[in-house]
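# Understanding the architecture of this molecule
Here is how the chains run, residue by residue.
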Amino acid sequence: MTDRISSGAESLDVVLGGGLPRDGISLIAGLPGSGKTILARQCVFANASSERPARYLSTVSEPLEKILRYGQTLTFFDPVRVGKSVYYEDLGNVIVEGAFSGVLDRTRGIIQERRPAIIVIDSLKALHAYAADSADFRRFLHDLAGMLSAYPVTTLWVGEYGEDEIVVMPEFAVADAILALGSAGVAEGTSRVLQVLKLRGGGFLSGQHAYWLSSSGITVFPRLADAVRPRRPCGGAGADAATGSQAAARGVRYVSGHAPGLASLPTGEYRWCSGAPS
Ligand SMILES: Nc1ncnc2c1ncn2[C@@H]1O[C@H](COP(=O)(O)OP(=O)(O)OP(=O)(O)O)[C@@H](O)[C@H]1O
Ligand SMILES: [Mg+2]
């Protein structure tokens, strides 16, 4: 199996069968407000160090002051690490209509000079607007992916893609992993749902998994039906009994809190337990 890095969210790592592909390209796709940037930040803060920092490249000019202001509403966002192990950079000054060489050169320069463990491009989708045509963007993407694969760096591409774009946009074919953040109708209305559409080199929990966003970032509620991991006992009083020994035997680890509107799940209450494997 491909080596993985933590997504920054333990519950999502369960769905991913261990995490995102290390030194691979992961695409986080979803509509505005679905939590793409929160997830990318969570991953960045979980994996950055001063020796192997993270570089967060923005293609939609966002002032650092605004990034810090919104970031500080999140518990994992440590402003002290910004500029030490997590670097934000606006690619706006190297993006030129009809020419992506500036973006490629800058990205290569960052990798060679800073040796980042992780690079985020938020949003990759926004770069489509600067392509002369679809063939131009395809060429750029090919060059970008080829360059990234030559270095030991984990890349997150973030973009506001709709479902209909998945089959036509070249980034979906190029990415090693694809996470789609969206929503699904349930009895009480809608629920946020996450789906892993692709993950090269390893298994993952298929289907739609509910998630919520809070100041702690993204929390996913893995569907019991798709559990693949060996059993890890919760150890908490009656935790297994609360959800049934059948589910426990399938190896599900429970996530704390109540997942609203989850008609597809057999119980409404999930508890996250971090006990050592039995
Ligand atoms: N501190 C917080 N506590 C709870 N929920 C939050 C918090 N911060 C953000 N959210 C939720 O996350 C949503 C926005 O998440 P995020 O900015 O990651 O979305 P996005 O997918 O990147 O959107 P866009 O495509 O517009 O950039 C908000 O609409 C809100 O529901
Ligand atoms: Mg965003």
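Procedures and definitions
Position numbers for residues start from 1 in each chain and track the written sequence from start to end. A letter from A marks each chain and a number from 1 marks each ligand, given out in the order of writing. Only residues with pLDDT of 70 or above have their local features reported here, since the model is predicted, and side-chain atom pairs are shown and tallied only from 80 upward, although totals for entire chains, interfaces and linings are computed over all residues. Pairing between strands requires that DSSP locate at least two bridges from one strand to the other. Put simply, DSSP marks the helices as runs of H or I at least four residues long and the strands as runs of E at least two long, and each gets a number from the N terminus on. As a rule, the C-alpha atoms of each element are fitted with a line to give its axis, helices using only the stretch in contact, and angles between N-to-C directions run from 0 to 180 degrees. Backbone-placed C-beta atoms define the burial measure: a residue is buried with 20 or more other C-beta atoms within 10 Å of its own, exposed with 12 or fewer, and partly exposed in between. With the strands pointing away from the viewer, any crossover whose connection runs clockwise from the first strand over the helix to the second is right-handed. By definition, a residue lies near a molecule or strand provided its backbone-derived C-beta atom is within 6 Å of it. Lys, Arg, Asp and Glu make up the charged group, whereas Ala, Val, Leu, Ile, Met, Phe, Trp, Tyr, Cys and Pro make up the nonpolar group; the residues left over, Gly among them, are polar. For this analysis, nonpolar core means a set of buried Ala, Val, Leu, Ile, Met, Phe, Trp, Tyr and Cys residues linked through C-beta atoms within 7 Å. Contacts are defined on C-beta atoms placed from the backbone: any two residues whose C-beta positions lie within 7 Å are in contact.

Attention now moves to the sheet that holds strand 11 (residues 217–221). The strand order 5-4-6-7-3-8-9-10-11 describes an open sheet built from 9 strands, whose pairing is mixed. Every interior strand has two partners, whereas the edge strands, strand 5 (86–90) and strand 11, have only one. Each neighbouring strand pair of the sheet contributes to a mean axis angle of 25 degrees, computed without reference to strand direction. Direction of pairing for strand 6 (residues 118–122) relative to strand 7 (residues 154–159): parallel, over a ladder of 5 bridges. Directly across from aspartate 122, in strand 7, lies its bridge partner valine 158.

On to the pairing of strand 6. The buried fraction of strand 6 amounts to 5 of the 5 residues, a majority that puts the element mostly inside the structure. Covered by surrounding structure in strand 6 are Ile118, Val120 and Asp122 together with Ile119 and Ile121, the residues of both alternating faces. Sheet topology places strand 4 (residues 54–58) next to strand 6; 5 bridges connect them, and they run parallel. From the neighbouring strand, leucine 57 faces strand 6, where its bridge partner is isoleucine 121. Between strand 6 and its parallel partner strand 7, the chain crosses via helix 5 (residues 134–149), and the hand of that crossover is right-handed.

Let us now look at the site of ligand 1. Taken together, 14 residues sit near ligand 1, with Pro32, Lys36, Thr37, Ile38 and Thr73 positioned nearest. Mapped by element, the contributors of at least two residues to the shell around ligand 1 are helix 2 (36–47) and strand 10 (208–214). Partitioned by chemical class, the residues of the shell around ligand 1 number 4 nonpolar, 8 polar and 2 charged.

What follows deals with the nonpolar core. A general feature of soluble globular proteins is that nonpolar side chains tend to end up buried together. Grouped together as the largest cluster of nonpolar side chains are 60 residues, with contacts concentrated most on Ile28, Val44, Ile118, Val120 and Leu179. The leading source of residues in this core is helix 2, at 6 residues. Discounting residues that sit within four places of it in the chain, leucine 179 has contacts with Ser26, Ile28, Ala29, Leu194 and Val196.

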